[in-house]
Amino acid sequence: MNIQTKLTHTSAEEALLLALSVSERAEATKALSFIEEKGLPTRRVEAWHYTDLRSLLRHFPKAPKAIDSEFAAEGLVEMEDLLEGFTIGFSNTSHVRGFLNKLPDGIAATVGDGPILPNPVNVNHDVIGMINSALCEQGVILTVEKGRKIETPVILAHTCSGETSSVIRHRVIVEEGASITLIEQHHSSTIANHQNVVTNLRLDKGAKVVMCIAQELGEETTRLGQLNVVLGEDAELTILVLNAGGKLVRQEIHVDVKGENSKIDIRGVNLIGNGSHVDVTTTLLHNVPNTTAVELFRNVVPAGGKGVFQGQIRVAQAAQKTDAQMACNTLLLSDESDFSAKPELEIFADDVICAHGATVTDIDDNHLFYLRARGISEREARSLLVKAFVEEVFEDLDNEQLGEALNSRIENWLDLNG
Amino acid sequence: MIEIKNLHVKIADTDTMILNGVNLTIKDGEVAAIMGPNGSGKSTLSYVLAGKDDYEVTEGDILFNGESILEMSPDERAAKGVFLAFQYPLEIPGVPTMNFLKAAMNSQRKARGEAEMTTPEFIKAVKSEAAKLGIDMTMLKRALNVGFSGGEKKRAEILQMALLAPKFCVMDETDSGLDIDALKVVSEGVNALRSPERSFLVITHYQRLLDHIVPDSVHVLYKGRIIKSGDKELALELEENGYADIIGEAA
């Protein structure tokens, strides 16, 4: 006798299945049968062990029907002012700002849903990508032409308002020898909305990219974000991550290192307030010889915050002389703070330098006493020490303005949550 | 200025007594030195004066200009004018020294209801005091005490003292880790701050420091009590004969 227990779907799964059932895309049909059978991933799925999406995702709101009027968040405006960038703005799923014909010379861009291409990086249990390719409605396809060095940062600004889901997919191609700074910014109102944004980035030979993902979402927002990168020969990639909001956030970063002599520098700050669950999951796939990667995350977790870092470095047998360093340092501000770190090295080559380290600390009482003995109040002393811990991360960026902008958003968060 | 009355102190959450009835009065403008063998409670006394919460006062009181400071937090005491120059100044990565100095000066001003300093006023004050102590301004751009040599750390402590202009300064083994030249610079810095309105408690193992900072009174601390007091001659006597005689006398 064959007994098969049928999965009872959660309300979020049901809402998601409904959304998938109305889409006619082949990807939607595929996603539908997958979720119907298996449901959203639980802790039993290795890649989602610390973020049990099935129990954490409470809701999957409908996509917006009408174009919402744009709302500007303080952080968005401040970054724009400081960076003097060119903004392409999305409100929910509508492109509301930035005339593409005004983009700096050397960038070709179109807005639309475009063809759905499979994820260029092979990702384990890729639920974010699956939902995205089934439901995405908007996005930018942006090409930086060969040899063009774009000085003006391009800001992809996303705002969500109302109880909606916005599913967006961007594709960025940086051609041979070209360079650009891209900033993905995310803001939302305090209503429970859902955001799924996937950015696929390709760096051709010798391309140089700074990719910054900064989110200051409202306290009820769910964000499933994914950055997939294919890195060509001699390419240089800097990824900057600032998580400073949201209720349930999973930011995945997957880099397929396909070109020799390429370099990756990933730095991130996760500020995880009360009631927030923030997961950063990265995989670096070193597939060719002579590549380097540095990865540093600093996390601050006050009472009631829960953070996750999963960092995987995979070095293929052919990838000799890989130099990969990964560090994840966490400051737990309370006994009711929670952080799980899972650094993972999988090395098949024999001539590599790989290291990882994860530390967890609280504020040093002796440091605190020293500052207080000089007249600094306990609150201010704590805030100075927390700032010192995280602001180092973005301090010595080539683009000083960007570092300052990120640090000022960090200070803003610390002032509100300190 | 300071009256320490029958002060009994234990390590918090233990039964380990460190101070067993210290009595000491320091007048306005007086420089008092405390000497004593290792483990006599010298550093504990300095921490208790500054308000470190690793210690618990079980009996007695500390009066600062007639007012008990025992219930005050370290920052409140600092704003009132108590300053502790640390034996081992802490290295605090990521906090630039200049930012720290400004935060400290303005916090104290704010606590006293005074106007905060403007940035130009602040920089002018730092430059002038730093020059007197032979401190290079580039050192102050670095993180607080991080990578400073022993001498630089102690000079930075004196710089803080000069800028914060406290009324009562506790100097915990300021001479430790200093070579002769650095000792001279630090002592001159302290001497320049001596005034009829400012008192000092200088804690040291060695008479050497007291050649440079000449005390008005010298007290010997042993097993958490002051067992002998005298003038600067007492320090010379100790240098000559060690603590054994005095300890024998007291026992």
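Preceding block: the structure.
The present account deals with the structure reproduced in this document. (Residues numbered from 1 in each chain as written. Chains lettered and ligands numbered in written order. Predicted model: local features only at pLDDT ≥ 70, side-chain atom pairs only at ≥ 80, totals over all residues.)

**Focus: the nonpolar core**
Soluble globular proteins: nonpolar side chains tend toward being buried together. Core analysis: the biggest nonpolar cluster contains 108 residues, and Leu203(A), Val209(A), Met211(A), Leu231(A) and Leu237(A) have the highest contact counts within it. Each residue touching Met211(A), except ones within four places of it in the same chain, is listed here: Leu182(A), Leu201(A), Leu227(A), Leu237(A) and Ile239(A). If you look at the next biggest cluster of nonpolar residues, it comprises 76 residues, including Ala381(A), Val9(B), Ala50(B) and Val95(B). (Core = buried A, V, L, I, M, F, W, Y, C linked by C-beta atoms within 7 Å. Buried ≥ 20, exposed ≤ 12 C-beta atoms within 10 Å, placed from the backbone. Contact = placed C-beta atoms within 7 Å.)

**Points about unusual backbone geometry**
All names here are of chain A. Of note in the backbone geometry, Asp-234 takes a positive phi value of approximately 55 degrees without being a glycine. Look at Asn-261: it is not a glycine, yet its phi comes out positive at around 60 degrees. Looking at the element boundaries, Asn-261 is found in the loop between β12 (248-257) and β13 (263-271). Note on Asn-261: 16 C-beta atoms within 10 Å, which makes it partly exposed. (Helix = DSSP H or I, 4+ residues; strand = E, 2+ residues; numbered from the N terminus.)

**Regarding the sheet that holds β12(A)**
Residue and element names in this part refer to chain A. The sheet built from nine strands is open, its strands ordered β3-β4-β6-β8-β10-β12-β14-β16-β18 with mixed pairing. Each of the sheet's edge strands pairs with one partner strand only, and the pair in question is β3 (107-111) and β18 (338-347). In this sheet, adjacent strand axes meet at a mean angle of 10 degrees when their direction is disregarded. Along the sheet face, helix α5 (residues 127-135) touches β6 (165-174), β8 (194-203), β10 (222-231) and β12 and points at about 95 degrees away from the line of β8. (Pairing = 2+ DSSP bridges. Axes fitted to C-alpha atoms, helices over the stretch in contact; angles between N-to-C directions.)

**Looking at the interface of chain A and chain B**
Between chain A and chain B, the contact holds 17 residues from the first and 21 residues from the second. Elements with a contribution of two residues or more to the side of chain A that touches chain B: α6 (365-372) and α7 (378-391) of chain A. Sort the elements by how many residues they give to the side of chain A that touches chain B and α7(A) lands first, with six residues. By residue class, the composition of the side of chain A that touches chain B is seven nonpolar, four polar and six charged. (Nonpolar A, V, L, I, M, F, W, Y, C, P; charged D, E, K, R; others polar.)

**Quick word on the packing of helix α4 (residues 119-132) of chain B against helix α6 (residues 150-164) of chain B**
All names here are of chain B. Relative orientation of the contacting elements α4 and α6 amounts to 130 degrees, with a least axis distance of 10 Å. The orientation of α4 relative to α6 falls into the category oblique. Along this stretch, α4 crosses α6, giving a crossing that reads as right-handed. Here α4 contributes Ala-125, Val-126, Glu-129 and Ala-130 to the contact with α6, which in turn contributes Leu-159, Ala-162 and Leu-163. Split by residue class, the contact of α4 with α6 holds six nonpolar, no polar and one charged. (Parallel < 35°, antiparallel > 145°, perpendicular 65-115°, else oblique. Left-handed = near helix turned anticlockwise from the far one by under 90°.)

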